[in-house]
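# Breakdown of the fold
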Amino acid sequence: MGSLTVSSAREITGVLDIPGDKSISHRALILSSLVKHSVQILNLNQGDDVACTRKALEQLGVNIQNDRKGILKVKCLDHFIQPKSSLYLGNSGTSARLVMGLLASCEFETHISGDVSLQKRPMERVMQPLSRMGVNFKETKGCLPAIQTGTRNLLPISYRLPVPSAQLKSSLLIAALSVNGITRIIEPALSRDHTERLMKFLDMPLKVYYENKERVLEVTGPYLPSKAKSILLDIPGDSSAAAFWITASLLVKNSNLRINNVCWNPFRNVFVDILKRMGGQIQTISQKSQMGEECTDIISQTSLLHGIEISADIAPSLIDEYPILAVAAAFANGRSIFRGLQELRFKESNRLETIESNLKACGVRCYVQNNDLFIEGKGFDSISNPIEIYPQHDHRIAMAFSIFALASFHPITIHQTKTVMSSYPTFYKELSKFSNFNPGH
Ligand code: S3P
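These numbers were taken from a predicted model, which means no experiment stands behind them.

### Here we look at the state of the cysteines
- Counted according to the given criterion, the structure contains zero disulfides.
- Cysteine Cys366 is unpaired, with the sulfur of Cys362 as its nearest cysteine sulfur at 9.5 Å.

Written out as structure tokens, the structure reads:
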């Protein structure tokens, strides 16, 4: 899968199942490696990112087996073993940061690396608090590759998160499980809470409360797994993956789509609220609870959208959806303003620049001022052929602009489509149900 030329869609109608949630999949693997129970995992995300977490755990000695029905079985160890080679975490920031937390109490040297994009992403935000807990990092300038040596005598810290990052928070929560004492993490701005939910589901010693209007997460370690029992983790569908198809169904004529079993976590479903405020006709039905998370089926249909202003305070809850929301804004009537997008600069690509340059390539009038993105809707009117999209090896950009192509009058060539393997390997197979695409030039 290199370049693909995607044509406009007939209609986005039918019933879709989507991959298991990527964020929850990482956490399911990592936290399962700490419990004494035999854990079975259903519907694990099949992308390369989660595969990197799995491989790292296997290198640390964790036994992970697939059975014939696709169920994954994880058996934990009394202690992790020193990996024989470097832990290579590919393109996955979540793997890198969460695994660094897991390794905090391991008294051996571990070499951690990643691909070119991961090597550019900031790791100082994780290394700094882990160092305060007693972890040693060498040969690093706040980025990967790094050599990490943990300690069995991790110190309890009280730490106010300087950035609203779920990866940073989760790394510290995982490290805190091995601390002898109370670790406090203070969250001035909230981010996705999958780690907290799964820790509670697995009876790990976490307390969540509010102090001076800030959320405090308190872990009383060390975590001593209780008597073995069997646990089934059935991972809900990925809401960030669903966002692409929901938006496609709003934009393409005559569409009516149902997506089954989407994770309905309040820090992840905010994009649905935004699309509804833009005029999107979206309903949720059949809510249920699964491994401590809410899930729902989502029905959406063709809608006339209008521009919207999104304030900076909810940016952490939309962080992975801005690329597809930018596409929705391009097809909406009127101006949209997305405020406070500084964290987008530190994703798989500099997403703020990548969104802007590719929208412009599609003829959409837009600009970035400070960290705010301004998009003038109805950009597709001015599309000029041929259009080529360069996602800068960022899966969410490739998928968002493939949806742009489904909604536009002209075919669009998307380069580097292989990047969708990070989170959604079957994305183009799904897309082929709605549209034609050919190998690009
Ligand atoms: C993730 C958190 C988000 C998100 C990423 C997955 C996670 O990053 O962008 O795709 O699983 O914790 P931050 O909250 O760290 O910015």
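There's plenty left to go through after this.
### Some thoughts on the pairing of strand β9 (residues 146–149)
- Pairing between strand β7 (residues 109–113) and β9: four bridges, direction antiparallel. Bridge pairing links Ile112 to Ala146 in β9.
- Note that strand β8 (residues 136–138) and β9 share three bridges and pair antiparallel. Paired with Lys138 across the strands is Ile147, a residue of β9.

### A word on the environment of Ser131
- Tracing the backbone shows Ser131 in helix α5 (residues 124–133).
- Among the residues examined, Ser131 registers a relative accessible area of 35% and is labelled partly exposed.
- Separated by 66 residues in the primary sequence, Ser131 and Arg197 have C-alpha atoms spaced 26 Å apart.
- A polar contact is formed between the side chain of Ser131 and the backbone oxygen of Met127, at a distance of 2.6 Å.

### So, the packing of aromatic side chains
- Enumeration according to the criterion identifies nine aromatic pairs in this entry.
- Note on Tyr322 and Phe338: the rings are 5.7 Å apart at their centroids and 40° apart in plane angle, and the pair reads as tilted. Here Phe338 lies in strand β19 (residues 335–338) and Tyr322 lies in helix α10 (residues 322–331), a separation of 16 residues in the sequence. Like Tyr322, the residue Phe338 is buried in the burial classification.
- Ring geometry for Tyr367 versus Phe374: centroids 4.7 Å apart, planes at 5°, classification stacked.
- Site record: aromatic cluster; members linked through ring pairs are Phe244, Trp245, Tyr424, Phe427, Tyr428 and Phe434.

### Concerning the sheet that holds β7
- Taken in spatial order, the four strands make up an open sheet running β6-β7-β9-β8, and their pairing is mixed. Each of the sheet's edge strands pairs with one partner strand only, and the pair in question is β6 (87–88) and β8.

### A short note on the domain arrangement of the chain
- You can read the domains of the chain as domain 1 (3–20 + 238–439) and domain 2 (22–218).
- The straight-line distance from the C-alpha centre of domain 1 to that of domain 2 is 29 Å.
- At the junction of the two partners, domain 1 supplies 26 residues and domain 2 supplies 25 residues.
- Across the domain 1/domain 2 interface, buried area totals approximately 2300 Å², and carbon plus sulfur atoms make up 49% of it.
- Where domain 1 packs against domain 2, one counts three salt bridges.
- Across the pair Arg125 and Glu343 runs a salt bridge, and its minimum N-O distance is 3.0 Å.
- Where domain 1 touches domain 2, the interface holds 16 residue pairs in polar contact (both at pLDDT 80 or more).
- Of all the secondary-structure elements, those providing two or more residues to the side of domain 1 that touches domain 2 are β17 (293–301) and α12 (395–407).
- Grouping the constituent residues of the side of domain 1 that touches domain 2 by class yields 10 nonpolar, seven polar and nine charged.

### Considerations on the site of the ligand
- Surveying the vicinity of the ligand reveals the residues Ser23, Arg27, Thr94, Ser165, Ala166, Gln167, Arg192, Ile319, Asp320 and Lys347.
- A distance of 2.8 Å separates an oxygen atom of the ligand from a polar atom in the side chain of Asp320.
- Protein coverage of the free-state accessible area of the ligand, which is 390 Å², stands at 96%.
- Tallied by class, residues from the shell around the ligand come to two nonpolar, four polar and four charged.
- Summarising the domain contributions, the shell around the ligand has at least three residues from each of domain 1 (3–20 + 238–439) and domain 2 (22–218).

### Observations regarding the nonpolar core
- Grouped together as the largest cluster of nonpolar side chains are 75 residues, with contacts concentrated most on Trp245, Phe338, Leu359, Phe404, Leu406 and Phe427.
- Counting residues per element, this core draws most heavily on α12, at 10 residues.

Rules used throughout
Residues numbered from 1 in each chain as written. Predicted model: local features only at pLDDT ≥ 70, side-chain atom pairs only at ≥ 80, totals over all residues. Heavy atoms only, no water. Disulfide = S-S within 2.5 Å. Pairing = 2+ DSSP bridges. Helix = DSSP H or I, 4+ residues; strand = E, 2+ residues; numbered from the N terminus. Buried < 20%, exposed > 50% of the residue type's maximum accessible area, 1.4 Å probe, protein only. Polar contact = N/O pair within 3.5 Å; in protein donor to acceptor, adjacent residues only side chain to side chain. Phe/Tyr/Trp six-rings, centres within 6.5 Å; stacked < 30°, edge-to-face > 60°. Domains from an automatic or database assignment. Contact = heavy atoms within 4.5 Å. Buried area = accessible area lost by both parts, 1.4 Å probe. Salt bridge = Lys/Arg side-chain N within 4 Å of Asp/Glu carboxyl O. Nonpolar A, V, L, I, M, F, W, Y, C, P; charged D, E, K, R; others polar. Near = heavy atom within 4 Å. Areas by Shrake-Rupley, 256 points an atom, 1.4 Å probe, with all protein chains shown as cover. Core = buried A, V, L, I, M, F, W, Y, C linked by side-chain atoms within 4.5 Å.

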